[in-house]
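Now for the letters of each chain:
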Amino acid sequence: MALGALASIPCLFVGPLHDDLVHQLVLEGLFDLPDDPLGLYEFTHGDAANREMIARGWLHWWTDPQLSLRFFRPLSSALLAIDHALFGRAAFPSHLHSLLWGVLLFATAAALMRRCFEARTAVIASLVYALAGAHVMTLAWPASRHTLVSAALGGLALVLHLRWREDRAPLAAIGAPAALSLSLLASETGLAAAIYLLSYEAMVATGSLRDRARAALPTSIVCGAYVVFYVLAGYGAHHSGTYVSPFRELLSFAIAASARVPALLAEAIGALSTFGYVTNPISRVILVSWGVVSIGGSLWLLAVVRRGGDTESYRRLRWLFVACVVSLVPMVAGLIGPRMLPMGLFGASAMVGAAITVAWRASRARIGVVRHALAGLAIVIAIAHIGLGALLRVTAPFAFAEIAEAERRLATEGDSGGCSSSGLVYLINGADGVLSVYAAPSIAYYSPEAIGPGARFRVLAPAPHDLRVERTNERTMTIASLVRPRRENVFEQVFRSQEHALHEGDTVVAEEMTVRVLEMDPEGPASFEVALDRSLDDERVCLIVWRDGALRRIAPPAIGESLTVEHEPGPMGM
């Protein structure tokens, strides 16, 4: 626990970034979302609300009007609201708050390992868990704290359930479902804890089938009531190209899970970070492939443990591995990343700890090359998980801090502040996630005077290529990707699914701007026309581009002429 906390110290010094900015703007009444301290994760509601947000510029012109991104996380929202009420915009206390939840999480993992395995395996598995690189995202990014809180409470529910079942502790019988309920109030990822609990009754618990069914009943009731409420209340993600609902899009969800679960296992068991999964197609292939290898290695380890004759350790290890894999399924509905892994790491760390112990002990019983090979295997696994995990925990926060600082500079430097506070600001090349999603919140957070309440900030082109901007008349210009077919932009796909894609000839009206799609590629609009209700030369119209690491104002081309806007990676490298 101490080492886990020590490795987390760099996370305390990361500034607010991404959704942190949105949450604080909402709490301050400066963002066009309901000022609801319990609903900070309800981003879009579909229909009229979306059309209003598109008109205001908070949502892109290509957003599906039916897009719904609503997540039921009242406990996590309340904790963020309390941070803001007590400390304002100060980031350090909020990170310290996250670290306290992290310490609780490390403690529950240690308690679980100590209960399930002999001392050496338990210590190694606990260390693997506490130093896992995957925790860096939830510790360094307060908006992602919801999975940390949910896992800490879910792990507590798991430990209490085992105390009740194995030690006959009566208070634990009440505490387990209570902790599980709180876990689900923190995040839908609390469903993973229910999977661990139910699979324990199916695979480890002793007694008759009736006894085990009775013991599983509180978990089933809590989980069932939660799912029914979640679905009937319309929570979840709908009409998104990256978020997939397991309740409304079962086939699409199953297809997504077939790739995303192995990718998460590649990090949880295979020690290969999933940070690149969202933005890099090659990384996705590598992660999925390595995840399959990790599954194969885990099955081999289970076979070795079973042949070793320790039946109880085998049963518990098998349970934790199966629960780990199945518990990742609810996690894959959204953008894949390390923040999805706190619950899955319970089982994964047990597997890794057992692998190190088994390989090292086997090496002691062999001679020659085999002995050295097995010892080397144990050392390599330990370095990959404990050494590199701790290294990632210490270094990755600096990357988060750089993005946070880039969002601050984006708002305070460059030429966007030269645009009239009552004007219309159009960012032409917004392929990078920071530019396409968080440029407007960053400016509203750090430089609200640059874009006043009567202004509009709009991202025009999400294609990650050089763009040609041609002016066709006084009020109209066309924007086209110079690479065909254009590549994907995952942050663009968040806002519209392939099933509800735009088509050539479609028109979108956003107050003063009308966009008509001229050409479509499979990955999105490749060419479109932008018509304003005023001249492009109007002093209230401000065209900006991302150039030389900042937002730069440019003059519109003359009628009949064009200019090229070169693609330049933004703060996220996209």
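If you're wondering where the values come from, they're calculated on a predicted model, not measured in any experiment. (Residues numbered from 1 in each chain as written. Predicted model: local features only at pLDDT ≥ 70, side-chain atom pairs only at ≥ 80, totals over all residues. Heavy atoms only, no water.)

S.K.: Requested: an account of the overall build of the protein chain, with residues and values cited.
M.R.: Per the secondary structure count, the protein chain includes 18 helices and 13 strands. Whereas a compact globule of 574 residues would reach a radius of gyration of roughly 25 Å, the protein chain reaches 25 Å, a difference of no more than 12%. Counting only C-alpha atoms and orienting by the principal axes, one finds that the protein chain spans roughly 80 × 55 × 45 Å. Expressed as a percentage of its 574 residues, the buried residues of the protein chain come to 58%. Across the protein chain, every contact between residues at least 6 apart in sequence was considered, and the portion connecting residues at least 24 apart equals 73%. Surface accessibility of the protein chain: about 22400 Å² in total, with carbon and sulfur atoms responsible for 63%. A gap of 13 Å separates the mean positions of the 46 positive and 50 negative side-chain charges of the protein chain. (Helix = DSSP H or I, 4+ residues; strand = E, 2+ residues; numbered from the N terminus. Rg over C-alpha atoms; globule rule 2.2 N^0.38 Å. Buried < 20%, exposed > 50% of the residue type's maximum accessible area, 1.4 Å probe, protein only. Contact = heavy atoms within 4.5 Å. Areas by Shrake-Rupley, 256 points an atom, 1.4 Å probe, with all protein chains shown as cover. Lys, Arg positive; Asp, Glu negative; His and termini not counted. Charge placed at Lys NZ, Arg CZ, Asp CG, Glu CD.)

S.K.: Can you lay out the packing of aromatic side chains for me, pointing to particular residues and giving the numbers?
M.R.: Overall, the coordinates contain 16 aromatic pairs when judged by the stated rule. When the centroid spacing of 5.0 Å and the interplanar angle of 50° are considered together, the rings of W61 and F528 count as tilted. Of this pair, W61 sits in the loop between α3 (47-56) and β2 (68-70) while F528 sits in strand β10 (residues 524-532), and the two are 467 residues apart along the sequence. The two residues W61 and F528 agree in class, both being buried. Geometrically, the ring pair formed by Y226 and Y230 is tilted, given 5.5 Å between the ring centres and 35° between the ring planes. With Y226 and Y230 both in helix α11 (residues 209-232) and 4 residues apart, the pair spans about one turn of that helix. What makes Y226 buried here is its relative accessible area of 7%. (Phe/Tyr/Trp six-rings, centres within 6.5 Å; stacked < 30°, edge-to-face > 60°.)

S.K.: Account for the pattern of salt bridges, with residues named and values stated.
M.R.: Across all of its chains, the model carries 24 salt bridges by this definition. One salt bridge connects R284 with E488, and the closest N-O pair in it is separated by 2.5 Å. Highlighted residues: R284 in helix α13 (residues 281-307) and E488 in the loop between β7 (476-481) and α18 (490-493), separated in sequence by 204 residues. In this structure, R409 and E405 form a salt bridge, with 3.9 Å as the shortest nitrogen-oxygen distance. Taken together, the residues R409 and E405, both in helix α16 (residues 368-412) and 4 residues apart, mark about one turn of the helix. (Salt bridge = Lys/Arg side-chain N within 4 Å of Asp/Glu carboxyl O.)

S.K.: Residue-level account of unusual backbone geometry, with values.
M.R.: Each neighbour pair has its own omega, and for R484 with P485 the value is -10°, a cis peptide bond. With respect to the helices and strands, P485 occurs in the loop between β7 and α18. Positive phi, normally seen in glycine, also occurs at R168, with a value near 55°. Positionally, R168 belongs in the loop between α8 (145-167) and α9 (170-186).

S.K.: Account for empty space enclosed by the protein, naming residues and giving values.
M.R.: Under the criterion given, the structure shown has 5 cavities of 30 Å³ or more. Of the pockets and cavities examined, the largest cavity occupies roughly 190 Å³. Considering the residues around the largest cavity, the lining is formed by 18 residues, among which Q24, L80, D83, S94 and P142 are closest to the centre. Among the elements of the structure, α2 (19-27), α4 (74-87) and α5 (91-116) are those that each provide at least two residues to the lining of the largest cavity. Residues belonging to the lining of the largest cavity are distributed by class as follows: 8 nonpolar, 7 polar and 3 charged. (1 Å grid on protein atoms, 1.4 Å probe; cavity = no way out; pocket = protein on both sides within 12 Å on 5 of 7 lines; lining within 4 Å. Points joined across faces, edges and corners; volume = space filled by probe spheres on them. Nonpolar A, V, L, I, M, F, W, Y, C, P; charged D, E, K, R; others polar.)

S.K.: Please give an account of the environment of G353 that cites residues and values.
M.R.: As for its position among the elements, G353 is in helix α15 (residues 344-364). Residue class for G353 comes out buried when judged on its relative accessible area of 0%. Along the backbone, G353 and D533 are 180 residues apart, and their C-alpha atoms lie at a distance of 64 Å. Residues within four places of G353 in sequence aside, it is in contact with T121, I124 and A125.

S.K.: So what about the nonpolar core? Which residues, and what values?
M.R.: Judged by nonpolar contacts, the single largest core of 181 residues is most densely connected at W319 and I428. Discounting chain neighbours no more than four positions away, the residues touching I428 are L460, A461, L467, V469, I479, L543, I544, V545, I554 and V565. (Core = buried A, V, L, I, M, F, W, Y, C linked by side-chain atoms within 4.5 Å.)

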